[in-house]
Amino acid sequence: MSEERYIPRNDLNIETMQINLGPSHPTTHGIIQMDLQVAGEDIIEADVIIGYLHRGFEKMCEAHNWNQAVIYTDRLNYVSPLINNVGYHLAVEKLMDIEVPSRGQYVRMVLSEIMRICDHQTALAAAAMELGGFTPFLYLMKGRELWWELLERVVGARVTTSFTRIGGMVADLPDWFAAAAEDILLETANINREVHTLLTRNRIFIDRTRGVGYISPEDAISYGFTGPMLRSCGIEYDVRVAAPYLAYNDIDFEIPILTNCDVYDRFYIRLLEIDQSCRIIKQGLAKLPQGPVNHLDKNISLPPKSEVYGSIEGLMAHFKLLMNDNGVRPEAGEVYHAIEAANGELGYYLVSTGELCPHKCRVRPTCMPFTQALPQMIKQGMIADVVPCFGSINMIGGELDR
Amino acid sequence: MSELLTIPLLQELFGETILESHAHRGDETVIIPPQSLEEVATRLQQDERLRFEFLMDLTAVDYLHLDRPKRFEVVYHFYSLTHNRRLRVKVRVDDGEPVPTLALLWKTADWFERETAEMYGIKFAGHPDPRPLLLYPEFKGYPLRKDYDQRASHPLVESRRKGESA
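Rules and cut-offs
Residues numbered from 1 in each chain as written. Chains lettered and ligands numbered in written order. Predicted model: local features only at pLDDT ≥ 70, side-chain atom pairs only at ≥ 80, totals over all residues. Helix = DSSP H or I, 4+ residues; strand = E, 2+ residues; numbered from the N terminus. Buried ≥ 20, exposed ≤ 12 C-beta atoms within 10 Å, placed from the backbone. Contact = placed C-beta atoms within 7 Å. Rg over C-alpha atoms; globule rule 2.2 N^0.38 Å. Core = buried A, V, L, I, M, F, W, Y, C linked by C-beta atoms within 7 Å. Nonpolar A, V, L, I, M, F, W, Y, C, P; charged D, E, K, R; others polar. Axes fitted to C-alpha atoms, helices over the stretch in contact; angles between N-to-C directions. Parallel < 35°, antiparallel > 145°, perpendicular 65-115°, else oblique. Left-handed = near helix turned anticlockwise from the far one by under 90°. Pairing = 2+ DSSP bridges. Domains from an automatic or database assignment. Expected span 1.5 Å × (residues − 1).

Asks: Quick question: what am I supposed to make of the overall build of chain B here?
Replies: If you tally the helices and strands in chain B, you get three helices and seven strands. Listing every helix and strand of chain B by position from the N terminus yields α-β-β-α-β-β-β-β-α-β. Looking at chain B residue by residue over its 166 residues, the buried ones come to 37%. Sequence-distant contacts, at least 24 apart, represent 47% of the contacts inside chain B between residues at least 6 apart.

This is the structure we're talking about:
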């Protein structure tokens with residue numbers, strides 16, 4: 001708590017010292033560097049240096065065609081890769097002015113919410129462990145693993161999902177999916193209850209997080225905060241409600257809002273959002289409409305692999321979409337499409353010149369504003385507060401540095 | 001397509017300053033000259049009828065060899081929480097032509113402008129902290145320009161000595 005903190009006395013001639021936290025410090029996840037000026041235990045100045053994981057996402061997208069760029073989106077937020085896939089393809093579909101059939105929209109929504117749960121669970125797990133709570137880490141990772149194993153059975157990959165395509169999905173959900181998801185939803189609710197008992201009223205956890213890393217709502221807007229970080233500052237903004245995409249309009253769910261703007265609320269709001277995502281998944285699976293998941297136009301959506309290898313028509317359709325100088329060529333123009341990713345507004349800004357490759361494929365990194373605001377959160381605090389602050393912003397290097 | 005809400009209002013407020021406008025796929029877009037950017041941005045943020053509190057994204061596009069009036073477009077995406085509307089503002093500049101910084105109006109512009117500056121070589125006049133963001137200081141060239149070879153490689157740089165920070 002701030003009033004109990006050690007305050008450096010001016011009459012003591014305290015020398016300041018430069019400390020580098022990261023890039024090879026475990027709590028910085030190996031990819032960002034914090035350059036701190038400390039006097040004793042107090043942080044006087046802080047600077048954040050990023051870019052250790054920059055791989056040239058935009059340049060690579062510009063060198064590949066519209067269908068190929070999706071694999072790069074997996075590698076943005078690698079804790080919830082499928083949301084990035086969905087966001088990219090919704091933007092491409094907006095650019096091409098097409099709409100996915102309603103079953104495809106529901107499938108995308110259900111998978112996005114599963115990813116949101118995984119992302120929140122990972123964020124909470126890592127943050128709890130960094131504060132010494134190893135049990136919640138194990139519980140939450142177990143919970144995430146259940147979803148990832150389910151996704152692996154559907155998608156075939158754990159991290160590099162690339163499961164969406166222009167005009168739809170790689171495949172429909174299998175028949176057993178709803179029953180399997182139902183079981184994991186129950187387990188997720190149990191884990192959430194356990195984590196509540198372990199963290200939310202835990203004196204040690206509260207002491208480490210309450211009032212720490214404060215950022216005012218005005219600053220949060222100025223920094224461009226979105227997602228759980230903004231909603232824990234009492235500002236109600238969620239793209240799923242402000243500009244509903246996919247099937248979110250047909251679903252009954254709530255947006256949790258907390259008002260303390262501190263690390264504790266950022267953790268707590270993620271726990272609350274996991275419950276809401278469970279509600280969305282449950283309703284989405286119950287309402288899942290019949291019909292195709294993919295757009296029916298063969299000039300837009302890729303044929304299923306069984307047709308490509310099993311029929312001449314399928315092979316030709318595949319050829320006309322992928323080989324040599326063939327492929328989708330969206331009409332020249334530009335779009336920005338935003339979706340609610342686990343960390344906030346994930347926007348894609350695409351520019352087409354009517355060519356095979358994107359002229360520009362920009363992604364708005366959701367965690368960049370949080371990382372930029374980190375010095376303000378940790379300044380005047382103590383070194384030990386850096387860890388919970390950094391854990392609460394859920395910085396994902398792949399997305400931050402692109 | 002939804003009806004246009006912001007563009008007519010901006011045309012009424014700024015008149016000739018709005019060089020062009022379009023709403024491709026429903027995204028309202030205006031193009032303004034760089035010298036009016038600060039004035040327009042301040043009004044966007046503060047005018048009751050506009051109230052674009054969020055600067056969601058800031059980037060640039062290189063239109064080399066594409067027969068555009070100027071080579072680069074700096075693109076700003078604004079979002080109004082009050083009115084739940086979006087607006088894209090674009091500024092056209094040539095190589096070396098400065099764009100005024102918005103870092104004093106939106107804190108988020110600080111890092112976005114640093115990134116745009118190092119990737120495209122666009123100068124943001126008055127930026128409070130013009131260091132590179134994602135690239136290292138010794139990096140040569142502007143990687144997102146269209147004339148930058150995507151296979152270009154760079155030599156290893158000397159490791160920094162104690163006390164030298166990036």
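Asks: Where do I start with the overall build of chain A in this structure?
Replies: The number of helices and strands found in chain A is 16 helices and eight strands. Over its C-alpha trace chain A gives a radius of gyration of 22 Å, about what one expects of a compact globule, namely 21 Å for 402 residues. Here the C-alpha coordinates of chain A stretch approximately 85 × 45 × 35 Å along the principal axes. Taken across its 402 residues, chain A has 51% of its residues classed as buried. In chain A, of all internal contacts separated by at least 6 residues, the share reaching a separation of at least 24 is 70%.

Asks: Looking at this structure, I do not really get the nonpolar core. What am I missing?
Replies: Residues Ile114, Leu350, Leu374 and Cys389 of chain A together with Leu55 and Phe78 of chain B are the most contacted members of the largest nonpolar core, which totals 155 residues. Residue contributions to this core peak at 15 residues, all from helix H4 (residues 102-130) of chain A. The contact partners of Leu374 of chain A, leaving out residues within four places of it in the chain, are Val48, Cys389, Phe390 and Ile393 of chain A.

Asks: Whenever I open this one, the interface of chain B and chain A confuses me. Can you help?
Replies: Where the parts come together, the accessible area they lose is often given as the size of the interface. Counting residues at the interface gives 29 residues for chain B, matched by 35 residues for chain A. Sorting the residues of the side of chain B that touches chain A by element identifies strand E3 (54-62), strand E4 (72-80) and helix H3 (109-120) of chain B as the ones contributing at least two each. Per-element tally for the side of chain B that touches chain A: the top contributor is E3 of chain B, with six residues. Taken together, the residues that form the side of chain B that touches chain A break down as 15 nonpolar, seven polar and seven charged.

Asks: Please explain the packing of helix H14 (residues 368-378) of chain A against helix H15 (residues 383-393) of chain A as it appears in this structure.
Replies: The angle between the axes and the distance between the axes are what describe a pair of packed helices. All names here are of chain A. In contact at an axis separation of 10 Å, H14 and H15 are set at 155 degrees when each is read in the N-to-C sense. If you check the angle between H14 and H15, you find them roughly antiparallel. Taken as a pair, H14 and H15 cross one another with a handedness that is right-handed. Where H14 approaches H15, its residues Phe370, Thr371, Leu374, Met377 and Ile378 are matched on the opposing element by Asp385, Val386, Cys389, Phe390 and Ile393.

Asks: Just checking my understanding: could you explain the sheet that holds strand E3 (residues 42-49) of chain A for this structure?
Replies: Within a sheet, each strand pairs with its neighbour through backbone hydrogen bonds, oriented either parallel or antiparallel. All names here are of chain A. Strands sit in the order E1-E2-E3 across an open sheet of three strands; the sheet is antiparallel. One side of each edge strand has no neighbouring strand; the edge strands of this open sheet are strand E1 (17-21) and E3. Averaged over all neighbouring strand pairs, the angle between strand axes comes to 20 degrees, with direction disregarded. The pairing of strand E2 (residues 33-39) with E3 spans seven bridges and is classified as antiparallel. Directly across from Ala39, in E3, lies its bridge partner Asp42.

Asks: Help me understand the pairing of E4 of chain B in this model?
Replies: Each regular strand displays side chains that alternate between the two surfaces of the sheet. All names here are of chain B. Buried residues dominate E4, accounting for eight of its nine residues. In this structure, E3 lies alongside E4, joined through eight bridges in antiparallel fashion. The residue of E4 that forms the bridge with Ala60 is Val74. Relative to strand E5 (residues 85-93), E4 runs antiparallel, the two being bridged by nine bridges. When the bridges of E5 are listed, His77 appears paired with Arg88. With antiparallel pairing between neighbouring strands as the criterion, E4 and E5 make up a hairpin whose turn holds four residues, including Asn84 at a positive phi of roughly 50 degrees.

Asks: What should I look at first to understand the sheet that holds strand E8 (residues 360-364) of chain A in this one?
Replies: Residue and element names in this part refer to chain A. Reading across the sheet, the three strands line up as E6-E7-E8 and stay open at both edges, with antiparallel pairing between neighbours. Both outer strands of the open sheet, strand E6 (333-341) and E8, are each paired with one neighbouring strand and no more. The average angle at which neighbouring strand axes cross in this sheet is 15 degrees, direction not considered. Strands E6 and strand E7 (344-352) of the sheet are contacted by helix H3 (residues 81-96), whose axis makes an angle of about 150 degrees with E6.

Asks: What exactly am I supposed to notice about the domain arrangement of chain A here?
Replies: Residue and element names in this part refer to chain A. Splitting chain A by domain gives domain 1 (2-49) and domain 2 (57-97 + 99-296 + 331-401). Facing the 16 residues of domain 1 at the interface are 17 residues of domain 2. The set of elements that each furnish at least two residues to the side of domain 1 that touches domain 2 consists of E2 and E3. Counting residues per element, the side of domain 1 that touches domain 2 draws most heavily on E3, at five residues. Here the residues of the side of domain 1 that touches domain 2 are counted per class, giving eight nonpolar, four polar and four charged.

Asks: Would you mind going over H3 of chain A with me for this structure?
Replies: In an α-helix there are 3.6 residues to a turn, and that puts residues three or four apart on one side. All names here are of chain A. If you check H3, its first and last C-alpha atoms are 23 Å apart, about what 16 residues at 1.5 Å a residue would give, namely 22 Å. Counted residue by residue, H3 has 16 buried out of 16 residues, so it is predominantly covered. Asp97 occupies a position one or two residues after H3 and carries a positive phi of about 60 degrees.

Asks: Help me understand unusual backbone geometry in this model?
Replies: With the exception of glycine, most residues fall at negative phi, and the peptide bonds are largely trans. Residues and elements named next belong to chain A. Phi at Leu246 takes a positive value of approximately 45 degrees, unusual for a residue other than glycine. Although it is not a glycine, Cys261 adopts a positive phi angle of roughly 55 degrees. You can see Cys261 is positioned in the loop between helix H10 (239-242) and helix H11 (263-287). On the basis of neighbour count, Cys261 is assigned to the buried category, with 24 C-beta atoms found within 10 Å.

Asks: Just checking my understanding: could you explain the environment of Gly104 of chain A for this structure?
Replies: All names here are of chain A. Examined against the element boundaries, Gly104 turns out to sit in helix H4. You can call Gly104 buried: it has 25 C-beta atoms within 10 Å. Other than its neighbours up to four places away in sequence, Gly104 contacts Gly168, Met169, Val293 and Asn294.

Asks: I would appreciate a short explanation of the environment of Arg208 of chain A in the present structure.
Replies: As for its position among the elements, Arg208 of chain A is in helix H7 (residues 203-209). Distance from Arg208 of chain A to Phe137 of chain A, taken between C-alpha atoms, is 17 Å for residues 71 residues apart in sequence.

Asks: Help me understand the packing of helix H5 (residues 134-155) of chain A against helix H6 (residues 177-200) of chain A, please; the structure alone is not making it clear to me.
Replies: All names here are of chain A. One can describe the packing of H5 onto H6 by two numbers: an axis separation of 9 Å at closest approach and a directional angle of 165 degrees. The angle between H5 and H6 places the two elements in the roughly antiparallel class. Remark: the crossing between H5 and H6 carries left-handed chirality. Contacts between H5 and H6 involve Thr135, Pro136, Tyr139, Leu140, Gly143, Leu146, Trp147, Leu150 and Val154 from the former and Phe177, Ala180, Ala181, Ile184, Glu187, Thr188, Ile191, Glu194, Val195, Leu198 and Leu199 from the latter. In terms of residue class, the contact of H5 with H6 is built from 15 nonpolar, three polar and two charged.

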